[in-house]
Amino acid sequence: MAEARHRKWHVFQTKDELSVAMAKYTAHLSAKFCKEKGLFTVVLSGGGLIDWLCKLLEPPYKDSIEWSKWHVFWVDERVCAYEDPDSNYKLAMDGFLSKVGIPNKNIYAIDKHYAADGNAEHCAALYEECLRNLVKQNILPLCPNGKYPQFDLQLLGMGPDGHMASLFPGHPQINVKDKWVTHITDSPKLPPRRITFTLPVINSASYNLMAVCDDHTEQCPRSIADIFKHNNLALPASHLTAHVENMWYLDKAAASLL
Ligand SMILES: O=C(O)[C@H](O)[C@@H](O)[C@H](O)[C@H](O)COP(=O)(O)O
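We now turn to the structure provided with this report. Bear in mind the structure is a predicted one, so any value in this text is a computation, not a measurement.

**Notes on the overall build of the chain**
Broken down by element type, the chain carries 8 helices and 10 strands. For a compact globule of 258 residues, the expected C-alpha radius of gyration is about 18 Å, and the chain comes in at 17 Å, within 12% of that figure. Each of the three principal axes of the chain carries a C-alpha extent, and together these read 45 × 40 × 40 Å. Per-residue burial over the chain gives 55% buried out of 258 residues. Considering only intrachain contacts with a sequence separation of at least 6, the fraction spanning at least 24 residues in the chain is 74%. The positive charge centre, built from 27 side chains, and the negative charge centre, built from 29, are 5 Å apart in the chain.

**With respect to the environment of L235**
Looking at the element boundaries, L235 is found in the loop between α8 (219-230) and β10 (245-251). Classification of L235 by relative accessible area gives buried; the value is 10%. As for L235 and V176, which are separated by 59 residues in sequence, their C-alpha atoms are 15 Å apart. For L235, the residues in contact, after removing those within four places along its chain, are D161, G162, S223, D226 and I227.

**Thoughts on unusual backbone geometry**
Residue P60 is reached from P59 by a cis peptide bond, and omega for that bond is 0°. Inspection of the secondary structure assignment puts P60 in the loop between α2 (49-53) and α3 (61-64). Residue P191 follows L190 across a cis peptide bond; omega there is 0°. One non-glycine residue, N138, adopts positive backbone phi at about 65°.

**Side note on the packing of aromatic side chains**
When we look at a pair of aromatic rings, we describe it by the centre distance and by the angle of the planes. Counted according to the given criterion, the structure contains 16 aromatic pairs. Between W9 and F228, the ring centres sit 4.9 Å apart and the planes meet at 85°, which makes this aromatic pair edge-to-face. Of the two residues, W9 sits in strand β2 (residues 7-12) while F228 sits in helix α8, which places them 219 residues apart along the sequence. According to the relative accessible area criterion, F228 is buried, its value standing at 12%. Look at W74 and Y89: their rings are 5.8 Å apart centre to centre, the planes differ by 65°, and that puts the pair in the edge-to-face class. Remark: Y89 occurs in helix α4 (residues 88-95) and W74 occurs in strand β4 (residues 70-74); sequence separation between them is 15 residues. Here W74 falls in the buried class, since its relative accessible area comes to 3%. Aromatic rings pair up to connect F12, Y25, F33, F40, W67, W70, F96, Y207 and Y249 into one cluster. The side chain of R7 reaches across the aromatic face of F228, ending 5.0 Å from its centre. Geometry around W180 places R132 over its ring, the cationic atom sitting 3.9 Å from the centre.

About the cut-offs
Every chain's residues receive numbers from 1 upward, in the order its sequence appears when written. Since the coordinates come from a predicted model, pLDDT governs what is reported: local features require at least 70, and pairs of side-chain atoms require 80 or more to be given and counted, while whole-chain, interface and lining totals use all residues. For the side-chain quantities, the full set of heavy atoms in the structure was used; hydrogens and water were omitted. For the purposes of this entry, the term helix denotes a DSSP run of H or I that reaches at least four residues, the term strand denotes a run of E that reaches at least two, and both are numbered from the N terminus. For the radius of gyration, the atoms used are the C-alpha atoms, and the globule rule reads 2.2 Å times the number of residues raised to 0.38. Three labels apply to residues, based on accessible area from a 1.4 Å probe with only protein chains included: buried if under 20% of the type maximum, exposed if over 50%, partly exposed otherwise in between. We call two residues contacting when some pair of their heavy atoms lies within 4.5 Å. Positive: Lys, Arg. Negative: Asp, Glu. His and the chain ends are not part of the count. Every charge is mapped onto a representative atom, which is NZ of Lys, CZ of Arg, CG of Asp or CD of Glu. We call Phe, Tyr and Trp rings a pair once their centres come within 6.5 Å, taking the six-membered ring for Trp, and we label the pair stacked below 30 degrees between planes, edge-to-face above 60, and tilted otherwise. In this scheme, Lys NZ or Arg CZ marks a charge over a ring once it lies within 6 Å of the ring centre and within 35 degrees of the ring normal.

Everything listed here is a matter of coordinates, which is why it stays silent on function.
So this is what it looks like as structure tokens:
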């Protein structure tokens, strides 16, 4: 394992190996936090992540994880109806969440009606309100500076252009600090309307696991090299930190220029 600038990383030969390691990492933290706090707050993203998480549906994890103690959130969400194939909620529900015993009330999706109406601004405001209520109920703690919620584990992906969550290069959302959740209506990755956690919220998590598999573009390994070798801050993913651990899992292709 290598480490630099508080960023740790592993390179895996195949996506399958990466996904086995991701399951192990997640299961370990689930056991740790369930024991320490009686619950585990997990933040998902969209993209390839849900496929890679499916190893958790296999032995030994499926029957040993305390699913009833999980609370599930999204670091970003596409603002569309729940049934829309673009919805990250649908992706996670169909591929993963419906197959394990997480109580429905512990799955925090964006507001159904504003989502179906495509109202990104209201979806962001209501999602932030939902997080603030969970802080009041002691489900979510605040990070030590008292300003932002602190999730236990966020499972993130990076786009070939270096975006993470729905923080895109050259777009102003990366600079938002006075909100927990913001929105975008002109996302360069479709669909255009999305909500996203702001950077200080993302970086307040205890553990961040960023998983990147090259999608056979030249851009992805270039962005990884730009982040790891040159710390190019124009790429939102280069800003990623975490309170305890900022871990990157890369496949061989994504790491090919390192
Ligand atoms: O809703 C989204 O589009 C995602 O949350 C997004 O930020 C994703 O995580 C990256 O684009 C990586 O996606 P891939 O895994 O498909 O490369």
